[in-house]
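Analysis of the macromolecular model
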Amino acid sequence: MSTTPNKPVAGKKSDQGFVYLPLIAGWLVPGAGHFLLGKWIRGTLLAVSIVAMFALGLAMQGKLYTSVQDILGLLGMAGDMGTGLLYLVSRALGLGSQPTQTTVADYGKVFIVVAGLLNIIAAVDAHNLRTGRKS
Amino acid sequence: MFHPSHFAAVLLFSLFASTVFGITMRDTPQRMFRYGAYCFILFVGSAIVLSWVMLLIAR
């Protein structure tokens, strides 16, 4: 068997500053974790993809989960909150508050939830870059 | 209000999800692009196949 695949690579970046900053920044603002690490192209592509998916979801009149009624609501809200500040700002502006009445609005709801889940993946990727698990 | 067709929604969803998958799951730009394209084809292809299966079941 080979050595452990997730062993952190010894590097200058790994022992400087707050190690969770890219993770938290990436969660709050899509792509920000990669920007902090100087990965400008990756960060831009991630930000464009996630923000576009979220915006298209709202444009399709997708609903933002605001309260938990059942287990599906809990999962949906967890997905929505993955978009960080996008979710909080949208709620503050009253976006996505209308009930789902059309098929397209149902697509929009899924777009918003998946945008949040993708943002969590992107934030964890930024954390892995920061710790040296990924190059 | 944005009203895409079901297939347009599939294409948009696949494009954005594949972009994030490609960037986060691979290390080098070339492998990222290849994996992203692979995911995109799988997303769209599976949607088309499942659509035909559902059509045949409904008949």
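Use the structure listed above.
Summary of the structure given here. (Residues numbered from 1 in each chain as written. Chains lettered and ligands numbered in written order. Predicted model: local features only at pLDDT ≥ 70, side-chain atom pairs only at ≥ 80, totals over all residues.)

1. Section: the overall build of chain A
Put simply, the rule reads: Here a strand is any run of E in DSSP of at least two residues, a helix any run of H or I of at least four, and the numbering for each starts at the N terminus. C-beta atoms are first placed from the backbone for all residues, and any pair lying within 7 Å is then listed as a contact.
In terms of regular secondary structure, chain A is built from six helices and zero strands. Pairs at least 24 residues apart make up 73% of the contacts formed inside chain A by residues separated by at least 6 positions.

2. Quick word on the interface of chain B and chain A
Counted only if it meets this: When residue character is reported, Ala, Val, Leu, Ile, Met, Phe, Trp, Tyr, Cys and Pro are called nonpolar, Asp, Glu, Lys and Arg charged, and the others, Gly included, polar.
Contact residues are listed per partner, giving 13 residues for chain B and 21 residues for chain A. Residues belonging to the side of chain B that touches chain A are distributed by class as follows: nine nonpolar, three polar and one charged.

3. What about the packing of helix α1 (residues 6-25) of chain B against helix α2 (residues 29-58) of chain B?
Residues and elements named next belong to chain B. What counts, and what does not: Axis definition: a line fit to C-alpha positions, over the contact stretch in the case of helices; interaxial angles, taken between N-to-C directions, run 0 to 180 degrees. Orientation is classified from the angle alone, with under 35 degrees giving roughly parallel, over 145 giving roughly antiparallel, 65 to 115 giving roughly perpendicular, and any other angle giving oblique. Helix crossings fall into two classes, left-handed where the near helix is turned counterclockwise from the far one by less than a right angle and right-handed where it is turned clockwise.
Relative to each other, α1 and α2 sit at 150 degrees, their axes nearing to 8 Å. One element, α1, and the other, α2, form an angle in the roughly antiparallel class. Seen along the crossing, α1 lies across α2 with a hand that is right-handed. Taken together, the residues of α2 that come into contact with α1 (itself represented by V10, L11, S14, L15, A17, S18, T19, F21, G22, I23 and M25) are M32, F33, Y35, G36, C39, F40, F43, V44 and A47. Residue composition of the contact of α1 with α2, by class: 15 nonpolar, five polar and no charged.

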